[in-house]
Amino acid sequence: MITAAQMRAARALLGIDQRRLAELSGVSLPTIQRMETSQGHVRGVVSTLTKIVAALDVAGVELIGNEQPSQGRGRGVRLKEPA
């Protein structure tokens, strides 16, 4: 659903820290910290992940999965496939 790197990058784009993301999403700060230090896809309770994704969306970040086109307009960043 979302990777730890996407969470960190989304926060960076918004200019917010982990504490602010916790406030916006209604998820505890330790949970945000644990999720962001995980490897690859974030593991956790689906409802918690949904809260974080929804908070990032409301704040203006579109998360894009592999092989998924962007639905938004404007500037963005996407990782290339490794060479």
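These numbers come from a predicted model, not from an experiment.

A.B. asks: Where do I start with the overall build of the chain in this structure?
C.D. replies: Each helix and strand in the chain was counted, giving four helices and zero strands. Considering the chain as a whole, with its 83 residues, one finds that 29% of them fall into the buried category. The long-range fraction of contacts in the chain, counting pairs at least 24 apart against all pairs at least 6 apart in sequence, stands at 52%.

A.B. asks: Would you mind going over the pattern of salt bridges with me for this structure?
C.D. replies: Side chains bearing opposite charge may pair, as long as their charged atoms lie close to each other. Tallied over the entire structure, the rule returns two salt bridges. Here Arg11 ties to Glu36 by a salt bridge, and the two come within 2.6 Å at their closest N and O atoms. Within this pair, whereas Arg11 is found in helix α1 (residues 4–14), its partner Glu36 is found in helix α3 (residues 29–36), the two being separated by 25 residues in sequence. Residue classification places Arg11 among the buried positions, given a relative accessible area of 14%. On the basis of relative accessible area, Glu36 is assigned to the buried category, the value being 4%. As a salt-bridge pair, Arg20 and Glu23 come within 3.2 Å of each other at their nearest N and O atoms. Note that Arg20 and Glu23 are positioned in helix α2 (residues 18–25) at a spacing of three residues, about one turn of the helix. Residue class for Arg20 comes out partly exposed when judged on its relative accessible area of 38%.

A.B. asks: Looking at this structure, how should I read helix α4 (residues 46–59)?
C.D. replies: In an α-helix, one full turn covers 3.6 residues, which means residues spaced three or four apart are oriented alike. With 14 residues, α4 extends 20 Å between its outermost C-alpha atoms, agreeing within 8% with the 20 Å of an ideal straight helix rising 1.5 Å per residue. Of the surrounding elements, those touching the buried residues of α4 are α1, α2 and α3.

A.B. asks: Help me understand the packing of α2 against α3 in this model?
C.D. replies: When two helices pack together, their arrangement is captured by the angle between the axes and the distance separating the axes. The N-to-C vectors of α2 and α3 enclose an angle of 115 degrees; their axes lie 9 Å apart at closest approach. Judged by the twist between their axes, the crossing of α2 over α3 is right-handed. Note on element contacts: α3 touches α2 through Leu29, Ile32, Gln33 and Glu36, opposite Gln18, Arg19, Leu21, Ala22 and Ser25. When its residues are assigned to classes, the contact of α2 with α3 shows four nonpolar, three polar and two charged.

A.B. asks: Got a minute to help me understand the nonpolar core in this structure?
C.D. replies: Generally speaking, a soluble globular protein has its nonpolar side chains buried in company with each other. The biggest cluster of nonpolar side chains holds 17 residues, and the ones touching the most others in it are Ile2, Met7, Leu21, Ile32, Val42, Ile52 and Leu56. Within the residue set of this core, elements represented by two or more residues are α1, α2, α3 and α4. If sequence neighbours within four positions are ignored, Leu56 has contacts with Ile2, Ala10, Leu14, Leu21, Val61 and Leu63.

Thresholds applied
- Residues numbered from 1 in each chain as written.
- Predicted model: local features only at pLDDT ≥ 70, side-chain atom pairs only at ≥ 80, totals over all residues.
- Heavy atoms only, no water.
- Helix = DSSP H or I, 4+ residues; strand = E, 2+ residues; numbered from the N terminus.
- Buried < 20%, exposed > 50% of the residue type's maximum accessible area, 1.4 Å probe, protein only.
- Contact = heavy atoms within 4.5 Å.
- Salt bridge = Lys/Arg side-chain N within 4 Å of Asp/Glu carboxyl O.
- Expected span 1.5 Å × (residues − 1).
- Axes fitted to C-alpha atoms, helices over the stretch in contact; angles between N-to-C directions.
- Left-handed = near helix turned anticlockwise from the far one by under 90°.
- Nonpolar A, V, L, I, M, F, W, Y, C, P; charged D, E, K, R; others polar.
- Core = buried A, V, L, I, M, F, W, Y, C linked by side-chain atoms within 4.5 Å.

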